Amino acid sequence: MRNILNAAALALFLPLAAQAEVKVVEPWIPEAPPNAQAMGAFMVLENDEDREVRVVNAHAPGFDTIELHKSVEEKGMHKMLKQDALVIPAMGSLELKPGSYHVMLIGVQEPRPKAGDVIPVRLDLEGGTSITVQVPVRKRADMMKRMQQMQGH
Amino acid sequence: MKMRMKGGAPVAVAVFLVLIVALAISVYLKIQRVNVDLTQVVDQSVLRIVPQPIPVPDAKLTRMDGKPFGKKALEGKWTFLYFGYTLCPDVCPTELTALAEVADLLRREGVQSRWQQVFVSVDPERDTPEQLGRFVSYFDPQIIAATGEQTELRIMAQPIGVGWEKAALPTANDAPSNSYLVNHTTSILLVSPDATVVGVYPTPHNPEAMVKAYLAVTRE
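Cut-offs used in this document
- Residues numbered from 1 in each chain as written.
- Chains lettered and ligands numbered in written order.
- Predicted model: local features only at pLDDT ≥ 70, side-chain atom pairs only at ≥ 80, totals over all residues.
- Contact = placed C-beta atoms within 7 Å.
- Helix = DSSP H or I, 4+ residues; strand = E, 2+ residues; numbered from the N terminus.
- Nonpolar A, V, L, I, M, F, W, Y, C, P; charged D, E, K, R; others polar.
- Pairing = 2+ DSSP bridges.
- Expected span 1.5 Å × (residues − 1).
- Buried ≥ 20, exposed ≤ 12 C-beta atoms within 10 Å, placed from the backbone.
- Axes fitted to C-alpha atoms, helices over the stretch in contact; angles between N-to-C directions.

How large an interface is tends to be reported as the accessible area lost when its parts come together. Contacts between the two partners involve 29 residues from chain A, matched on the other side by 30 residues from chain B. Counting only elements with at least two residues in the side of chain A that touches chain B, the list comes to strand E2 (38-47), strand E4 (63-74), strand E5 (77-82), strand E8 (101-108) and helix H2 (140-150) of chain A. Of the residues forming the side of chain A that touches chain B, the biggest block, five residues, is contributed by E5 of chain A. Partitioned by chemical class, the residues of the side of chain A that touches chain B number 14 nonpolar, 10 polar and five charged. Where E5 of chain A lies against strand E8 (residues 180-185) of chain B, two bridges are found, and the strand directions are antiparallel. The partner of histidine 78 of chain A across the bridge, within E8 of chain B, is histidine 184 of chain B.

Next up, the structure:
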């Protein structure tokens, strides 16, 4: 029984392990309100290597254009800036979260993604490799509560 | 009988005096509380108390249901006031999710009647009344949405420190000309029942902390 469990656990982690370089933690896409023109994908990207890893492109089905973005606030005003790459520092991590870095999914196609759907998002890394992350669509409220709890509020 | 009257009268007088004194004390304490410095009782990182409260100017806006919306709509209730637009990819949904959670918490606290939440769209070119209604009701059935012509929006928003500007979607080369972003102020304003901005909730918005600050200010 234990062997089966171990094998199952191994099988779960194998796809990530095989792709080495980047580990993806808690990916999610907030369900969008009706008529939204864009959605965002969030996750924590962890890098165990002793050199930085750069995500230079992203792809996902069901959207017109996909870009790497950073939300910033200047003098209380919110702006979004396009990024050439998302840089995960050596032996470090990069958090993609609301109000910060994110994968911007522009031009939402029909049928519109709903909570419970899973969207495969492919991240292209500098050097030619890529990883595909199965990103669940979740209710924004559920995830925000969870993040606040994790922050100890 | 006479003895009782004699014994009873001073007691009644004493009880009366005690009541008068209690009343005086409670009135005194109430006055004291009104004069309390709000910056001392509210976490300023959650709700920044405005040093000089700013009256919200009147403007001719329209609600999602077609009714007029102006300064009068802010009178008589505390208002959580937020400016944004419905096609806002991330920030507005985040803030409206926070507002909906604030509403839930206040309802759970039994604080029902003295507050409202208002979303003002600064993108009237695309935000039709129907679109506004669909958008806010996705988050909470009670949020009121309104918008109006740009000049009217500026009349209301500028004096209370809210601004916005259109920005191109980063790769909108071949995109239709109506796809654009609007950079805008992300704070939620707390407006008192005399339609005056008394505080500003800066981002990030934590609903529990927001409610705590609201209760400290309104003493509900």
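Attention now moves to helix H3 (residues 91-108) of chain B. Residues and elements named next belong to chain B. In a regular helix each residue adds 1.5 Å, so 18 residues correspond to 26 Å; H3 covers 26 Å between its end C-alpha atoms and thus fits that length. H3 sits mainly inside the fold: 14 of its 18 residues count as buried. Positioned one or two residues after H3, glycine 110 has a phi angle of 85°, which is positive.

Residue and element names in this part refer to chain B. Spatial strand order, E1-E10-E9-E4-E5-E6-E2-E3: eight strands in an open sheet with mixed pairing. Of all the strands in the sheet, the pair left with one neighbour each is strand E1 (48-55) and strand E3 (68-69). Pairing geometry for strand E5 (residues 115-121) and strand E6 (residues 144-147), over three bridges, is parallel. Pairing of valine 120 across the sheet is with alanine 146, part of E6. Contacts from helix H6 (residues 207-218) reach strand E4 (78-84), strand E9 (188-192) and strand E10 (196-201) within the one sheet, and its direction differs from that of E10 by about 150°.

By themselves, these are just geometric observations and shouldn't be taken as functional.
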